[in-house]
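# Structural features, examined
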Amino acid sequence: MLTDKISTLAALTDPVTVEMGTTVTDLIQKIRRHKVGCVLVTEGDRVVGIITERDILLKVVARDVPFTSPVEDFMTRNPVVLGPEKTVGDAVKIMNEMNFRHVPVVYADGRARGIVSIQDVINLVAESFPQHVLNLPPRPHQKMANRDGG
């Protein structure tokens, strides 16, 4: 599973993008409409940044910034990206080491292919090991006093 190429993932999240100069208001509307946790910022076809819900909360809302401000004031420029030929293991390593929840997947020419999210990885694990994941109690240390059911 960890050696599967990112490009083969059925659950690879399609990228939601905005152009440089987009206002925070328009960005938030796009996030709500598409129900995503992050948006890639592009200049032409090239990915030049990423902005997440966490960025909006910490860099915009917490600082009482005008929502007419452009996204480039708050985005992470030149984000860490993976090519589609990289593996799920590569994505997990980056997420773990850098505490990311989203990693953009970008072609060599800078065009967005998708986003690997931590939820995509969790879904892949659950699909790969359904008996192990679906049969876990809500809290693994929990022991039931009585057997329920027939």
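Below or above, wherever it landed, is the structure these notes cover. All values reported here derive from a predicted model rather than from experimental measurement. (Residues numbered from 1 in each chain as written. Predicted model: local features only at pLDDT ≥ 70, side-chain atom pairs only at ≥ 80, totals over all residues. Heavy atoms only, no water.)

### Quick word on the environment of Glu53
This is how it is decided: Each helix is a run of H or I in the DSSP string that is no shorter than four residues. Each strand is a run of E no shorter than two, and both are numbered from the N terminus. Residue contacts are counted whenever heavy atoms from the two residues lie within 4.5 Å of one another.
Relative to the helices and strands, Glu53 resides in helix H2 (residues 53–61). Sequence separation of Glu53 and Ile31 is 22 residues, and the distance between their C-alpha atoms is 8.3 Å. Setting aside its immediate chain neighbours within four residues, Glu53 contacts Ile31, Val36 and Gly37.

### Remarks on the pattern of salt bridges
Opposite charge on two side chains makes pairing possible when the charged atoms of those side chains draw close. Keep this limit in mind: The working definition used for a salt bridge is a side-chain nitrogen of Lys or Arg within 4 Å of a carboxyl oxygen of Asp or Glu. For every residue, the accessible area (1.4 Å probe, protein chains only) is compared with the maximum for its type, and the residue is labelled buried under 20%, exposed over 50%, or partly exposed between those bounds.
Summed over the entire model, instances satisfying the criterion amount to 2 salt bridges. Residues Asp55 and Lys59 are paired through a salt bridge, measuring 3.6 Å at the closest nitrogen-oxygen approach. Here Asp55 and its partner Lys59 are both found in helix H2, 4 residues apart, which amounts to about one turn of the helix. Its relative accessible area of 25% is what places Lys59 among the partly exposed residues. Here Arg111 and Asp109 are joined by a salt bridge, their closest N and O atoms 2.8 Å apart.

### Description of the side chain of Thr52
In this fold, Thr52 is placed in strand E3 (residues 46–52). Judged by relative accessible area, Thr52 falls into the buried class, the value being 15%. Residues contacting Thr52, with those up to four places away along its chain left out, are Gly37, Cys38 and His102.

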